[in-house]
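Descriptive analysis of the structure
Letter by letter, the chains look like this.
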Amino acid sequence: MQDHRSFLTGLFETAVAAADPRTALAPALPDHPKGRTVVIGLGKGAAQLAAAFEDLWDGPLSGVVVTRYGYATPCRHVTVMEAAHPVPDAAGLLATNALFDAVGGLTADDLVVALVCGGGSALLPAPPDGLTLDDEQALNRALLASGAPIGVMNAIRKHASRIKGGRLAAACAPARVVSLIVSDVPGDDPAQVASGPTVPDAVDAAAALRMIAAWDIALPGNVLDHIRSQASRAPHPDDACFARNEVRVVASARLSLEAAAQAARAQGIPAAILSDSIEGEARDIGFMHAAMAREIAARGRPFAAPVVLLSGGETTVTLRGDAGRGGRNTEFLLAFAHAIDGVAGVHALAADTDGIDGTEDNAGAFADGGTAGALRATGEDAMTRLGRNDAWGAFDAVGGLFVPGPTGTNVNDFRAVLIHDAAG
């Protein structure tokens, strides 16, 4: 246990492997149709899912999937397109149209396999009549800056779109749609993953407007007007066009955390999963994890050291003042580092399982009881960096960034906090 970073990295790799596309898809393949098989997909791991599906499927197929720039992998029969994340771009508009084209003119004998994972909300801009790509970009920026939880953001997004909220599945009718979903949302509600392009939900425009008011989200006026109009109505889950469709969650944070816990125990370190669905302000969740780590280190409660605490979910970051660089995992960890300043025997990794935290090339970062002091030695401090949302800059300054590269999957945040005695 002398190499704490290697131990924590191994747990991250185990969690990611549990969501490997081939492992996840193999037991969930649908029956073959009488007619065509069309594969559609979206999200940061969509290309890897499509490549795995091609290897597992023993019949003809065609289709289109959309992933983030730099996340593509070659497929033999499925066209892979790339677009921007987290703010949509014109390439995303082309990808949206390509997906609609791929499912046009199908019959009741055909099968559409939808491979859906996190990141799809931004990758498929589809402004309805009266709105533009600029409007959808402004909507995304407002939501990302609001600090609202992912469920709120997705509920609002799907009322200003031609593709979200089950609309893509409706366009597949009368073909049967089987959605194979890698969940990156707390609670694993499939309608929330990528704003549910193939899975409708019952959240109507009135509910979305209440969320906008409750979270004081400053949306562009024309977007707000659209949501208020009848034109924003999304299809209801009871609509007949969805009657033959199936939804299967094939990978999730829960399964990945359970795999990481098993890996820790195999190395003689007890593991406790706090939750796979933690939401809230990233820095506040960081302070909470740090308080628990201090309690264990000082008093041996609620767990005795050594122990590794595991958690997942999707926290949020409210932008304050002049924003720096970073994402929710580094923001979480910078708050954590500040709160364990000087505490021996505590080491942590927080990272996004897709390999990218925010807009930089790191998945997250490492921290321990010496991180805050090392940052002070550079002439900065953790709370100042937090004040301008510059967690990336803080960990870059102390050599704490974790950069595994794109992983090909996405089951959201992964946090591992190791507490042991100071000699361990």
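Being a predicted model, the structure only gives us computed values, none of them experimental.

**Some points on the domain arrangement of the chain**
- Assigned domains within the chain: domain 1 (4-14 + 254-419) and domain 2 (21-252).
- A straight line from the C-alpha centre of domain 1 to that of domain 2 covers 30 Å.
- On the side of domain 2, 26 residues touch domain 1, which itself brings 22 residues to the contact.
- Together, the buried faces of domain 1 and domain 2 total about 1800 Å²; carbon and sulfur atoms form 53% of this surface.
- Interface area lost by domain 1 to domain 2 is led by Glu314, Gly408 and Asn410, which between them contribute 27%.
- Where domain 1 meets domain 2, there are one salt bridge.
- Here Asp354 makes a salt bridge to Lys44, at a shortest N to O gap of 2.5 Å.
- Summed over the shared surface of domain 1 and domain 2, the result is six residue pairs in polar contact (both at pLDDT 80 or more).
- Among the elements that make up the side of domain 1 that touches domain 2, the one with the highest residue count is helix H11 (residues 253-266) (three residues).

**Quick notes on helix H1 (residues 4-18)**
- Here H1 spans 22 Å end to end across 15 residues, near enough to the 21 Å set by a 1.5 Å rise per residue.
- Along H1, the residues that are buried comprise His4, Phe7, Leu8, Thr9, Leu11, Phe12, Ala15 and Val16.
- As for H1, its buried residues are in contact with H11, strand S8 (307-313), strand S9 (346-352), strand S10 (364-368), strand S11 (401-402) and strand S12 (413-419).

**Observations concerning unusual backbone geometry**
- Cis geometry is found at the peptide bond from Ala173 to Pro174, where omega equals 10°.
- Summarising the element assignment, Pro174 is placed in the loop between helix H8 (167-172) and strand S5 (176-182).
- Backbone torsion omega between Ala305 and Pro306 reads 5°, so that peptide bond is classified as cis.
- Tracing the chain through its elements places Pro306 in the loop between helix H12 (282-299) and S8.

**Focus on the sheet that holds strand S7 (residues 271-278)**
- With respect to topology, six strands assemble into an open sheet ordered S7-S8-S12-S9-S10-S11, the strand pairing being mixed. Each edge of the open sheet is held by one strand with a lone partner, namely S7 and S11.
- Bridge analysis of S9 against S12 gives seven bridges, and the strand direction is antiparallel. Following the sheet pairing, Val346 is matched in S12 by Ile419.
- Along the sheet, H12 contacts S7, S8, S9 and S12; its crossing angle with S12, the most-contacted strand, is approximately 20°.

**Section: the side chain of Arg68**
- Considering the arrangement of structural elements, one finds Arg68 in strand S2 (residues 62-68).
- Notably, Arg68 is buried but unbridged: the nearest opposite-charge side chain belongs to Asp354, and the N-O separation is 5.6 Å.

**Quick look at the pattern of salt bridges**
- Tallied over the entire structure, the rule returns 20 salt bridges.
- In this structure, Arg228 engages Asp225 in a salt bridge whose closest nitrogen and oxygen atoms are separated by 3.5 Å. Taken together, the positions of Arg228 and Asp225, both in helix H10 (residues 221-228) and three residues apart, correspond to about one turn of that helix.
- Residue classification places Arg228 among the exposed positions, given a relative accessible area of 53%.
- With a relative accessible area of 47%, Asp225 lands in the partly exposed category.
- Salt-bridge contacts for Arg325 lead to Glu360; the nearest nitrogen and oxygen are separated by 3.7 Å.

**Description of the side chain of Ser252**
- By the secondary structure assignment, Ser252 is in the loop between strand S6 (246-251) and H11.
- Excluding anything up to four places from it in sequence, Ser252 contacts Ser183, Asp188 and Val411.

**Quick look at the environment of Val78**
- One can find Val78 in strand S3 (residues 78-83).
- Separated by 28 residues in sequence, Val78 and Ala50 have C-alpha atoms that sit 7.1 Å apart.

**Quick look at the UniProt feature "domain: MOFRL-associated" (unreviewed entry) in the chain**
- If you check UniProt for "domain: MOFRL-associated" (unreviewed entry), the listed places come out as residues 8-227 in our numbering.
- Helix makes up 40% of residues 8-227 and strand 15%. Its end C-alpha atoms lie 44 Å apart.

**Here we look at the state of the cysteines**
- According to the stated counting rule, one finds zero disulfides in the structure shown.
- Summary of cysteine pairing: Cys75 is not part of a disulfide, and the nearest cysteine sulfur, belonging to Cys117, is at 12 Å.
- The buried category is assigned to Cys117, whose relative accessible area is 1%.

**What about the packing of aromatic side chains?**
- Throughout the structure, instances matching the rule amount to five aromatic pairs.
- Ring geometry for Phe12 versus Phe402: centroids 5.0 Å apart, planes at 90°, classification edge-to-face. You can see Phe12 sitting in helix H1 and its partner Phe402 sitting in strand S11, a full 390 residues away along the chain. Of the two residues, Phe12 and Phe402, neither departs from the other in class, the shared state being buried.
- For the ring pair Phe53 and Trp57, a centre distance of 5.1 Å and an interplane angle of 20° mean the geometry is stacked.
- Classification of Trp57 as buried rests on a relative accessible area of 6%.
- Grouped by ring-pair contacts, the aromatic residues Phe12, Phe366, Phe402 and Phe414 constitute a single cluster.
- Over the aromatic face of Phe332 sits the side chain of Arg415, whose NZ or CZ is 5.4 Å from the ring centroid.

Conventions adopted
Residues numbered from 1 in each chain as written. Predicted model: local features only at pLDDT ≥ 70, side-chain atom pairs only at ≥ 80, totals over all residues. Heavy atoms only, no water. Domains from an automatic or database assignment. Contact = heavy atoms within 4.5 Å. Buried area = accessible area lost by both parts, 1.4 Å probe. Salt bridge = Lys/Arg side-chain N within 4 Å of Asp/Glu carboxyl O. Polar contact = N/O pair within 3.5 Å; in protein donor to acceptor, adjacent residues only side chain to side chain. Helix = DSSP H or I, 4+ residues; strand = E, 2+ residues; numbered from the N terminus. Expected span 1.5 Å × (residues − 1). Buried < 20%, exposed > 50% of the residue type's maximum accessible area, 1.4 Å probe, protein only. Pairing = 2+ DSSP bridges. Axes fitted to C-alpha atoms, helices over the stretch in contact; angles between N-to-C directions. Lys, Arg positive; Asp, Glu negative; His and termini not counted. UniProt positions renumbered as here; feature names shortened; annotations may be inferred. Disulfide = S-S within 2.5 Å. Phe/Tyr/Trp six-rings, centres within 6.5 Å; stacked < 30°, edge-to-face > 60°. Lys NZ or Arg CZ within 6 Å of the ring centre and 35° of its normal.

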